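Topology and contacts: notes
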Amino acid sequence: FVVVCDYPVDDTYTIAQRILLTFHVPFQLEENTSFKLTTSIGIVQDISHYSDVDEILRAADKAMYCAKDKGKNQFDFAIPKKANL
């Protein structure tokens, strides 16, 4: 899923940590059945570096996979593409 929010970097960091903590708590399905999820989050901080929504989503997706590569249950920030000079 995608979460879109327009907050300063510190707030974005806090929101990502809260999402991770929320999913860290095991879900109870039945009386004796529970499971725990891991969450990997990709964050795009400044959308002005991208030309359209598809580029933003691709950048967030790439950051999410970088978070997964770090060991899952983490978040990572997208690195804005460089302007063509």
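The residue count restarts for each chain, going from 1 along the sequence in the order it is written. Local features are withheld for residues below a pLDDT of 70 in this predicted model, meaning they are given only at 70 or higher, and side-chain atom pairs are given and counted only at 80 or more; totals for whole chains, interfaces and linings count all residues. Excluding hydrogens and water, the side-chain figures rest on all heavy atoms present in the structure.

1. Re the overall build of the protein
- For the purposes of this entry, the term helix denotes a DSSP run of H or I that reaches at least four residues, the term strand denotes a run of E that reaches at least two, and both are numbered from the N terminus. Across its full length, the protein holds two helices and four strands.
- Its helices and strands taken in sequence order, the protein reads α-β-β-β-α-β from the N to the C terminus.
- Atoms counted for the radius of gyration: C-alpha only. Globule rule: 2.2 Å times residue count to the power 0.38. Taken over C-alpha atoms, the radius of gyration comes to 15 Å for the protein, far larger than the 12 Å a tight globule of 85 residues would show.
- Structurally, the protein occupies a C-alpha span of about 60 × 25 × 20 Å along its principal axes.
- Note on exposure labels: buried denotes an accessible area under 20% of the residue type's maximum, exposed denotes more than 50%, and partly exposed covers the range between, all computed with a 1.4 Å probe on protein chains only. Burial statistics for the protein: of 85 residues in total, 21% are counted as buried.
- Two residues qualify as a contact provided that any one of their heavy atoms is within 4.5 Å of a heavy atom in the partner residue. In the protein, of all internal contacts separated by at least 6 residues, the share reaching a separation of at least 24 is 51%.
- Residue exposure ignores everything except the shown protein chains as possible cover, and the areas themselves are Shrake-Rupley values with a 1.4 Å probe. For the protein, the accessible area works out to roughly 6,800 Å², and carbon and sulfur atoms hold 56% of it.

2. Brief notes about the pairing of strand S1 (residues 27-30)
- Only when DSSP finds a minimum of two bridges between them are two strands counted as paired. The sheet contact formed by S1 and strand S2 (residues 33-35) spans three bridges and is antiparallel. Pairing of Phe27 across the sheet is with Phe35, part of S2.
- Where S1 folds back on S2, the antiparallel hairpin that results is connected by two residues.

3. Remarks on the environment of Leu57
- The topology assignment puts Leu57 in helix H2 (residues 53-69).
- When its relative accessible area of 38% is taken as the criterion, Leu57 is described as partly exposed.

4. Here we look at helix H1 (residues 9-24)
- By this rule the span expected of a helix is its residue count minus one, scaled by 1.5 Å. Taking 1.5 Å per residue, 16 residues should reach 22 Å; H1 reaches 23 Å between its end C-alpha atoms and fits that length.
- Among all positions of H1, only Thr12, Ala16 and Leu20 are buried. For H1, the angular spread of buried residues about the axis comes to 75 degrees, placing them on one side. Opposite the buried face of H1, by more than 90 degrees, sit the exposed residues Asp10, Arg18, Leu21 and Thr22.
- Among the structural elements, strand S3 (41-43) and strand S4 (75-77) are those in contact with the buried residues of H1. Note: the arc covers the axis-to-C-beta directions of the helix.

5. Overview of the nonpolar core
- In this structure, Val44, Tyr50, Ile56, Ala59, Ala60, Ala63 and Ala78 together form the largest nonpolar core, which totals seven residues.
- To form a nonpolar core, buried Ala, Val, Leu, Ile, Met, Phe, Trp, Tyr and Cys residues must be joined to one another through side-chain atoms within 4.5 Å. Core analysis: the second largest hydrophobic core is formed by five residues, Ala16, Leu20, Ile41 and Ile43 among them.

6. Thoughts on a nonpolar patch on the surface
- Patch definition: residues with relative accessible area over 30% and no salt bridge; like charges joined within 9 Å; nonpolar side chains (Val, Leu, Ile, Met, Phe, Trp, Tyr) joined within 5 Å. Salt bridges are counted wherever a side-chain nitrogen of Lys or Arg sits within 4 Å of a carboxyl oxygen of Asp or Glu. A surface patch of nonpolar side chains, about 400 Å² in accessible area, is lined by Val2, Val4, Val53 and Leu57.
- When you line up the elements, Val2 lands in the segment before H1.
- Classification of Val2 by relative accessible area gives exposed; the value is 56%.

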